[in-house]
Amino acid sequence: MNAPQIIKTSTGEELVVIPKADYEALLHAAEEAREDAADVAIYDERKAELKTEKSLPADVTMDILRGSSRLKALRNWRKLTQAELADAIGVSQGFLSDLESNRRKPSAQTSAMLTKALDIPAEWIEA
């Protein structure tokens, strides 16, 4: 930025004169600041929403990011095989496989059994 020039009007008001490129750079910086403020507001809103529910453990989140479904990641986190979890909730391994691959959705009863068998909050089971 070049040094600004300050001009005093006949009424005593001070005006600042800057090169147009500097003025445009200031406008651009102000627009970026507005966008950043909007992003921070969205972040704060989402973070407040998360406080109402318990966050997934980091290991589960990483497994999901690697491509596992949430149910499979939770099962892996609890170190259970499909056969063990299926037996614990009274369904076939094939049915559990369908749930994990999202080919089927769990009923309310199955979700409740999964919640109990995995010892997790109910909101962690995707219905």
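Residues numbered from 1 in each chain as written. Predicted model: local features only at pLDDT ≥ 70, side-chain atom pairs only at ≥ 80, totals over all residues. Heavy atoms only, no water.

### With respect to the packing of helix α3 (residues 70–77) against helix α5 (residues 93–100)
For any two helices packed against each other, the geometry is given by the interaxial angle and the distance between the axes.
Then, number 1: Running from N to C, α3 and α5 point in directions that differ by 120 degrees, and their axes come no closer than 7 Å. When the axes of α3 and α5 are compared, the pair comes out oblique. Together, L71, K72 and R75 of α3 and L96, L99 and E100 of α5 make up the contact between the two elements.
Then, number 2: Of the residues assigned to the contact of α3 with α5, the class counts are 3 nonpolar, no polar and 3 charged. (Axes fitted to C-alpha atoms, helices over the stretch in contact; angles between N-to-C directions. Helix = DSSP H or I, 4+ residues; strand = E, 2+ residues; numbered from the N terminus. Parallel < 35°, antiparallel > 145°, perpendicular 65-115°, else oblique. Contact = heavy atoms within 4.5 Å. Nonpolar A, V, L, I, M, F, W, Y, C, P; charged D, E, K, R; others polar.)

### Description of unusual backbone geometry
Most peptide bonds take the trans form, and the phi angle of most residues other than glycine is negative.
Then, number 1: Its identity is not glycine, yet N102 carries a phi of approximately 65 degrees, on the positive side.
Then, number 2: For N102, the position within the fold is in the loop between α5 and α6 (108–118).
Then, number 3: Look at N102 and you get partly exposed, because its relative accessible area is 43%.
Then, number 4: In this model, D119 sits at a positive phi of 55 degrees, which is unusual for a non-glycine residue.
Then, number 5: Tracing the chain through its elements places D119 in the segment after α6.
Then, number 6: Using a relative accessible area of 59% as the deciding quantity, one classes D119 as exposed. (Buried < 20%, exposed > 50% of the residue type's maximum accessible area, 1.4 Å probe, protein only.)

### Considering α3
Then, number 1: Regarding α3, the residues found buried are L71, A73, L74 and R75.
Then, number 2: Looking at the packing, one finds that the buried side of α3 touches α2 (58–65), α4 (82–89), α5 and α6.
Then, number 3: Note on α3: the residue one or two positions beyond its end, K79, has a positive phi of about 55 degrees.

### Quick notes on the UniProt feature "domain: HTH cro/C1-type" (unreviewed entry) in the protein
Then, number 1: Those places that UniProt annotates as "domain: HTH cro/C1-type" (unreviewed entry) correspond, in this numbering, to residues 71–125.
Then, number 2: Within the segment residues 71–125, helix and strand shares are 62% and 0% respectively, and the terminal C-alpha atoms sit 7 Å apart. (UniProt positions renumbered as here; feature names shortened; annotations may be inferred.)

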